[in-house]
Amino acid sequence: MTLRQKLLLVALCTLALPVAGWLYVRQMETLLREGQAQALVASGRALARSLVVVDAPLPPAGNAWYVQHTPTAITMDGYADDWASLSPWAQNFGKNTRVMLAEDDRWLYFYIDVRATHRRRADADDRLALNADHLIISIASADDAQRYLMASAAPGATTAIALDPEAGVLPDRINAQWQEDGSGFRAEFRLPRGLRLDRFGLGVHLAADGDSEPLTAEARPLLDFSAPLSQELARLAPDGVRVRVLSPDAWLMAQSGKLDLPDLPASERPGWFASLVYRSLLATRLDDEGGWAEDAPRLDLPEVREALQGKPATAWRAGESRGSVVLAAALPIQSGGKLHGVVLLEQPSRSVPLLANRALFGLLLTSFAVLLIAGGVLLLFATRLTFRLRRLRNAAERAQDNDGRLDGPFPLIDATDELGDLARSFARLFEVVGGYTDYLRTLASKLSHELNTPLAIVKSSLDNLDHAGLPPEAEPYLARARDGVARLGALVRAMSEASRMERAIASAEAEDVNLADIVRGCADGYRGLAGDRTLEAVLPPGAVPMHVSPELIAQALDKLFDNALSFTPPGGWLRITLVLTAEGADVELANEGPSLPAAMQGRLFDSLVSLRDKATPGDAPHLGLGLYVVRLVAERHQGSASARNIEGGVAFTLHLKGLPRQRLA
């Protein structure tokens, strides 16, 4: 990973800014919602107290029966087909009985469904009816009340018989329908609305339960939607709020207001994307709006149940229009220490989503701008830092390519930061390395000059000892001394030759020649020296004109051939190849032999480096100056020298670009 990529990765840490801002906006949205909820709870508490103070017709405390409204008349047949739209709100009575009550303009309908798998049947006028399965029905109107016994020995029409025949204006008999199936029985009957019934009681006796006590029917008030209470709500309810009053069993008793929002201009209406952002990123919790339907006769919601326990409760849900939410608050209605129901307030709002979305989008735009600026600044800083580091690298590489001597002034040495300190340290280091390299370059000529006189003295002394007539036992020592002097002389001559070669290479003159002719002539001359080894020359078909020094090219090829021949086994192969390149030409000499060690491939062309003592035995001294001369020739021709392992051997390559042309004065 580059430095710029690392700094860009660090710049991504600024993403913590929009995340923190998003959390802040969520918290702000929560605070706004809490403030709005507290205000609505206060309005609901005041409304509940007002209903008690004005003596509004509140639902009675305790259990009651709720009468739903049916738009069509119900057929009395004992089946539940006509009750299908009302059955979701059937009222449970005990563990195995469901009751539904409905009314229209003329009749009050009753439907009783009892689950019983074992039956004992008898008609209502049978003397054993009280021991069989039967119903006790109680109705009341003002001060009049009557109880009825309803039973049937077979499905079909039946009659409920009054148990108190002298009670007021209520009828002595009730015509009903009785139907049965494998799971139980159902009773259906109706009474005229003119009776003005206000209470209804029910008792269920199943012989299979073994209950022998006389059955009673506790009368409960009959409740339905109250128009007078709705009028009181319309007078007391706050503007822009829908208010509903529920009974202690969560039945709808009165309602006022609509969930209407003022129209906004098209430019200010939130789009689908803003609504999606609010619901997915900002809204902490929105309830499902399915249980809050306007036409539901009963609202059995967690907030309503909590209010029935005497505690105010609030809830947020998605609104009907796009980009809106609805706040609902449920508060108990208490009077005289009794719970008379729940007042439920619902207030639609666009302000909270709009404010939250505006804050979030503003934060995102600001964060994005800050992120772009910070990323741009870091990118510029990383680019400048990378450029300065690359200048240091290039200077170091130029110094390394030129044997430790810096090619021009070292960059950034005037900078006052850490890179300036590093540049100055590099400059001092390469200055020392360059001085040491210059010393090593002249060491061979200095040593050869200084060793010539001592060697001449030692050689003349050995000659004088030979003429002095030494005893025979001293002859071997004298011979070894002469051999050592000869080897030292060879070393001195080799070092002198290397020094002369450097000077000769530096002062060599160039001419326009056909490089292919030089390589071909050298290859023809080497075949006689190769012995039993095969030498192949691979040359391009046409001429290869270049501005070079023919003598230096021939000397470099001589050094390469001498090196390759010493490592090629008897019967092996050698190959000289000339290849044209875009910048000049490559001359490659490959030979069969041992591979180069990986650690030595980059040092073979340095001075005083040799592998010959490990490859060819012999007593001839070798200083490792041959490949060094090859490198000097290649660099003189603006090229380089390289070595690599190939299949079955080694290849040495001269990369040549040609000598620069001299201008005539």
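Read on for an overview of the structure. This is a predicted model, so every value here is computed, not measured.

Conventions and cut-offs
- Residues numbered from 1 in each chain as written.
- Predicted model: local features only at pLDDT ≥ 70, side-chain atom pairs only at ≥ 80, totals over all residues.
- Heavy atoms only, no water.
- Helix = DSSP H or I, 4+ residues; strand = E, 2+ residues; numbered from the N terminus.
- Buried < 20%, exposed > 50% of the residue type's maximum accessible area, 1.4 Å probe, protein only.
- Contact = heavy atoms within 4.5 Å.
- Areas by Shrake-Rupley, 256 points an atom, 1.4 Å probe, with all protein chains shown as cover.
- Pairing = 2+ DSSP bridges.
- Arc of directions from axis to C-beta.
- Salt bridge = Lys/Arg side-chain N within 4 Å of Asp/Glu carboxyl O.

## A closer look at the overall build of the chain
No. 1: A tally of regular secondary structure across the chain gives 12 helices and 24 strands.
No. 2: Burial status across the chain gives 42% buried among its 665 residues.
No. 3: At a minimum sequence separation of 6, the contacts of the chain that also span at least 24 residues come to 66%.
No. 4: About 35900 Å² of surface is accessible on the chain, with carbon and sulfur atoms providing 55% of the total.

## Observations concerning the pairing of strand 16 (residues 325-335)
No. 1: Where burial is concerned, most of strand 16 is hidden: 9 out of the 11 residues are buried.
No. 2: In this structure, strand 15 (residues 313-318) lies alongside strand 16, joined through 6 bridges in antiparallel fashion. Bridge pairing links Ala313 to Ala330 in strand 16.
No. 3: Across 11 bridges, the pairing between strand 16 and strand 17 (residues 338-349) is antiparallel. From the neighbouring strand, Gln334 faces strand 17, where its bridge partner is Leu339.
No. 4: What sits between the antiparallel neighbours strand 16 and strand 17 is a turn of 2 residues, in which Gly336 has the positive phi angle 65°.

## A closer look at helix 3 (residues 227-236)
No. 1: Along helix 3, the positions that sit buried rather than exposed are Leu229, Ser230 and Leu233. Along the long axis of helix 3, the arc covered by the buried residues comes to 100°, so they all point the same way. Away from its buried face by more than 90 degrees, helix 3 exposes Gln231, Ala234 and Arg235.

## A look at the pattern of salt bridges
Between side chains of opposite charge, pairing is possible as soon as their charged atoms come close.
No. 1: Scanning the model with the defined rule gives 21 salt bridges in all.
No. 2: We note a salt bridge from Arg527 to Asp524, for which the minimum N-O separation is 2.7 Å. Pair noted here: Arg527 and Asp524 are both in helix 9 (residues 515-527), with a separation of 3 residues, about one helical turn.
No. 3: Overall, the relative accessible area of 39% leaves Arg527 in the partly exposed class.
No. 4: Residue Glu588 pairs with Arg644 through a salt bridge whose shortest N-O separation is 2.8 Å. Linking Glu588 in strand 22 (residues 585-592) with Arg644 in strand 23 (residues 640-646), this pair joins segments that are 56 residues apart in sequence.
No. 5: Look at the salt bridges and you will find they share partners, linking Arg119, Arg121, Asp133 and Glu180 into a network.

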